[in-house]
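The lines below spell out each chain.
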Amino acid sequence: KQSTSCFLNGNYSTEAVKKKKKNFRPVSNLSFFSKLLEKVVMSQLLDHLNTNELWPRFQSAYRACHSTETALLRVLNDLLTASDDGQVSLLTLLDLSAAFDTIDHDILFHRLEHVFGIQNSALSFFRSYLTERKQMVSISGYSSNPSTLLHGVPQGSVLGPILFLLYTQPLSQIIDRHSVSHSEFADDSQLYDSVPREQFDSLLSNMQSCVDDVKLWMTQNKLQLNEGKTEALLIDPQNSP
């Protein structure tokens, strides 16, 4: 038997909360030359990350040979193995709200310099890339005055997703402190652990503590956990059909 539930405000709820809302995401109007330049920079950035083994260990997005398929297979294999051993498993699915839009530039630049070793002219490029970007609203031929973007990375850009992954790199370390297995794909994270049935209460407590720490880190780093889409799946082999 499998049941779904979600972590909300520190409580373990038996019903997932569903919210319907419209989200008008901005479209980045990028020139061909801009995208070409970004691809050149991305190639050099990926070489730097790969050579120095700076990638988050379980991040599967935007990496060669790390796709949704490989991420799914790893999680599924771990859960099936635990089930074959008679253990109960708890899988928690985390979701972020408007993740790319709330990235704090100062935090990002500090992380690029002090965690990933991007300095001097390379760091200046990223500062220039994100500084003084503007947005406006256009409806039926009428446009608002442009306003400067103080947060976020460009939607639809080449470098935007990579910068987001580097921004959220500390999440893996926080989850590891709780000895919880995890897998990440872009802004989606899966946390899971398996224990003998008699240890389920401690598993639940540890998972809740891990989610609370993740939520605290996100708040401190200007990100927001979407509690309405954060769900947990309990897998109990003894109650399987």
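Residues numbered from 1 in each chain as written. Predicted model: local features only at pLDDT ≥ 70, side-chain atom pairs only at ≥ 80, totals over all residues. Heavy atoms only, no water.

Within the secondary structure layout, Asn50 lies in helix H1 (residues 32-51). The spacing of Asn50 and Arg63 is 13 residues in sequence and 9.6 Å in space, taken between C-alpha atoms. At 2.8 Å, the side chain of Asn50 forms a polar contact with the side chain of Trp55. (Helix = DSSP H or I, 4+ residues; strand = E, 2+ residues; numbered from the N terminus. Polar contact = N/O pair within 3.5 Å; in protein donor to acceptor, adjacent residues only side chain to side chain.)

The next subject is a nonpolar patch on the surface. Taken together, the side chains of Leu72, Leu76 and Leu80 make up a nonpolar region of the molecular surface, amounting to roughly 300 Å² of accessible area. Along the chain, Leu80 turns up in helix H2 (residues 68-84). Assessed through its relative accessible area of 48%, Leu80 is described here as partly exposed. (Patch = residues over 30% accessible without salt bridge, like charges linked within 9 Å, V, L, I, M, F, W, Y side chains within 5 Å. Areas by Shrake-Rupley, 256 points an atom, 1.4 Å probe, with all protein chains shown as cover. Salt bridge = Lys/Arg side-chain N within 4 Å of Asp/Glu carboxyl O. Buried < 20%, exposed > 50% of the residue type's maximum accessible area, 1.4 Å probe, protein only.)

Glancing now at H2. Relative to the 24 Å expected for 17 residues at 1.5 Å per residue, H2 spans 24 Å between its end C-alpha atoms, a close match to the ideal helical length. Those residues of H2 lying buried are Ala71, Val75, Leu79 and Ala82. All buried residues of H2 lie within an arc of 60° about the axis, which places them on one face of the element. Opposite the buried face of H2, at more than 90 degrees from it, the exposed residues are Glu69 and Asp84. (Expected span 1.5 Å × (residues − 1). Arc of directions from axis to C-beta.)

Our next topic: the nonpolar core. Ranked by internal contacts, the top residues of the largest apolar core, which has 47 residues, are Leu112, Phe126, Leu163, Leu191, Val214 and Met218. Listing elements by their share of this core, those giving two or more residues are H1, strand S3 (88-94), helix H3 (105-114), helix H4 (120-130), helix H5 (160-167), helix H6 (170-176), strand S9 (188-195) and helix H7 (200-220). Broken down by element, the residue count for this core peaks at eight residues, all from H7. Not counting chain neighbours up to four residues away, the residues in contact with Leu163 comprise Leu108, Leu112, Phe126, Tyr129, Leu130 and Val153. (Core = buried A, V, L, I, M, F, W, Y, C linked by side-chain atoms within 4.5 Å. Contact = heavy atoms within 4.5 Å.)

Take the pattern of salt bridges next. Once the charged atoms of two side chains with opposite charge are near each other, the side chains can pair. Throughout the structure, instances matching the rule amount to four salt bridges. Note that Glu132 is salt-bridged to Lys134, the shortest N-O span being 3.9 Å. We note a salt bridge from Lys215 to Glu227, for which the minimum N-O separation is 2.2 Å. With Lys215 in helix H7 and Glu227 in the loop between H7 and strand S10 (231-235), the pair connects residues that are twelve residues apart, well separated along the chain. We classify Glu227 as buried; its relative accessible area is 17%.

Contact geometry for H3 and H5: axes closest at 9 Å, N-to-C directions at 75°. Judged on the interaxial angle alone, H5 and H3 are roughly perpendicular. Along its contact with H3, which presents Ile107, Leu108, Arg111 and Leu112, the element H5 presents Leu163, Leu166 and Tyr167. In terms of residue class, the contact of H3 with H5 is built from six nonpolar, no polar and one charged. (Axes fitted to C-alpha atoms, helices over the stretch in contact; angles between N-to-C directions. Parallel < 35°, antiparallel > 145°, perpendicular 65-115°, else oblique. Nonpolar A, V, L, I, M, F, W, Y, C, P; charged D, E, K, R; others polar.)

Working definition: an aromatic ring pair is given by the centre-to-centre distance plus the angle between the planes. Inspection of the entire model under this criterion finds three aromatic pairs. Ring geometry for Phe125 versus Tyr129: centroids 6.2 Å apart, planes at 20°, classification stacked. Here the residue Phe125 and the residue Tyr129 both occupy positions in helix H4, the gap between them amounting to four residues, near one helical turn. In this structure an aromatic cluster arises from ring pairing among Phe125, Phe126 and Tyr129. Cation over ring: Arg111 sits above Tyr167, and NZ or CZ is 5.3 Å from the ring centre. One cation-aromatic arrangement involves Arg133 over Tyr129; the distance from NZ or CZ to the ring centre is 4.6 Å. (Phe/Tyr/Trp six-rings, centres within 6.5 Å; stacked < 30°, edge-to-face > 60°. Lys NZ or Arg CZ within 6 Å of the ring centre and 35° of its normal.)

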